[in-house]
Amino acid sequence: QMFLIVHNGVGMQRSEQDANRYLELSSNQNFFPALYRSALVMQCYDNVPEYRKMSSDNFKKAADSNNLDAVYHYAIMKKTGATCVKKNLKQSAHYFKVAADLGNPYAGYQYALMLMTGNGVAADEAQTITYYKKAADSGFPDAMYQYALIMKQIPKQNATKQTTAEATKYFKMAIDEGHPGAMRY
């Protein structure tokens, strides 16, 4: 926070040198919410090599501390190869799983997608269903829709009244949340 105040000269003389000092102090404290915020700030200054390295390090430290926002953000960065982080789908899957297990439905959806496609992690149908359902039950419409599709696509010889009812329930939930794809069912 102080970095931004000094960097932008809010209520004081603007000083890049002092701003950098506050940013470094924040990074060195190992106060994980501050690490995450400083990583976000440093990410904006990608053209400064030392900020890029500090941003990457701080995102990882904050994510490894199980700061939910940092874990999810770092998973996305690992999946996409964002500015200060090298793309690594296996690590991305790991961090999506951690964030999902900490309760982030968006991470659960992403992890289920990776499990379904075998992208960065071994394909696992049972775990795919588990993570889609968990994300759906947390209120994420895309997960409601995907879970309903899976329940609907169970082969007729294996389908039961329960799986059919489950598909219908989750399609309705997705429709009620405004999911456009669910409207077709």
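None of these values were measured; they are calculated from a predicted model.

**Topic: the overall build of the chain**
What the chain contains, in helices and strands, is 10 helices and 0 strands. Within the chain, the proportion of its 185 residues that are buried is 40%. In the chain, of all internal contacts separated by at least 6 residues, the share reaching a separation of at least 24 is 42%. Of the accessible surface of the chain, which amounts to about 10,200 Å², a share of 53% is contributed by carbon and sulfur atoms.

**A look at the packing of helix α4 (residues 49-64) against helix α5 (residues 68-80)**
Helix packing geometry: the angle between the two helix axes and the distance between the axes. The geometry of α4 relative to α5 is characterised by a closest axis approach of 8 Å and an angle of 130° between their N-to-C directions. Relative to α5, α4 is oriented oblique. Helix-helix and strand crossings are classified by hand; for α4 and α5 the assignment is left-handed. Note on element contacts: α5 touches α4 through Ala70, Val71, His73, Tyr74 and Met77, opposite Ser56, Phe59, Lys60, Ala62 and Ala63. For the contact of α4 with α5, the residue count by class is 7 nonpolar, 2 polar and 1 charged.

**Quick word on the nonpolar core**
In globular proteins that are soluble, nonpolar side chains generally tend to be buried together. Grouped together as the largest cluster of nonpolar side chains are 43 residues, with contacts concentrated most on Phe59, Tyr132, Ala143 and Phe171. For this core, the secondary-structure elements that each account for two or more residues are α3 (32-43), α4, α5, α6 (89-101), α7 (105-117), α8 (125-137), α9 (141-152) and α10 (161-176). In terms of residue count, α9 provides more of this core than any other element does, 8 residues in total. If we ignore the near neighbours within four places in the chain, the residues touching Tyr132 are Tyr109, Ala112, Leu113, Met116, Ala143, Gln146, Tyr147 and Ile150.

**Some remarks on the pattern of salt bridges**
A complete count under the given rule lists 5 salt bridges for this structure. Between Asp64 and Lys60 there is a salt bridge whose closest N-O contact spans 2.6 Å. Of this pair, Asp64 and Lys60 are both found in helix α4, 4 residues apart, which corresponds to roughly one turn of the helix. Taking the shortest distance from any N to any O, the salt bridge between Lys172 and Asp176 comes out at 2.8 Å. With Lys172 and Asp176 both in helix α10, this residue pair falls 4 residues apart, about one helical turn. Taking the relative accessible area as the measure of exposure, Asp176 reaches 54% and is therefore exposed.

**Observations regarding α10**
For α10, spanning 16 residues, the distance from its first C-alpha to its last is 22 Å, which sits close to the expected 22 Å at 1.5 Å a residue. Listed as buried for α10 are Thr163, Glu166, Ala167, Tyr170, Phe171 and Ala174. End-on view of α10: buried residues confined to an arc of 130°, all on one side of the axis. In α10, the exposed positions angled more than 90 degrees off the buried face are occupied by Lys161, Gln162, Thr168 and Asp176.

**Side note on the side chain of Lys78**
Tracing the sequence through the fold places Lys78 in helix α5. No salt bridge forms around the buried Lys78; measuring N to O, its nearest opposite-charge neighbour Asp57 is 9.8 Å away. Excluding residues that lie within four positions of it along the chain, Lys78 makes contacts with Val85, Lys86, Lys87, Asn88, Leu89, Gln91 and Ser92.

What counts, and where the lines are drawn
Residues numbered from 1 in each chain as written. Predicted model: local features only at pLDDT ≥ 70, side-chain atom pairs only at ≥ 80, totals over all residues. Heavy atoms only, no water. Helix = DSSP H or I, 4+ residues; strand = E, 2+ residues; numbered from the N terminus. Buried < 20%, exposed > 50% of the residue type's maximum accessible area, 1.4 Å probe, protein only. Contact = heavy atoms within 4.5 Å. Areas by Shrake-Rupley, 256 points an atom, 1.4 Å probe, with all protein chains shown as cover. Axes fitted to C-alpha atoms, helices over the stretch in contact; angles between N-to-C directions. Parallel < 35°, antiparallel > 145°, perpendicular 65-115°, else oblique. Left-handed = near helix turned anticlockwise from the far one by under 90°. Nonpolar A, V, L, I, M, F, W, Y, C, P; charged D, E, K, R; others polar. Core = buried A, V, L, I, M, F, W, Y, C linked by side-chain atoms within 4.5 Å. Salt bridge = Lys/Arg side-chain N within 4 Å of Asp/Glu carboxyl O. Expected span 1.5 Å × (residues − 1). Arc of directions from axis to C-beta. Lys, Arg positive; Asp, Glu negative; His and termini not counted.

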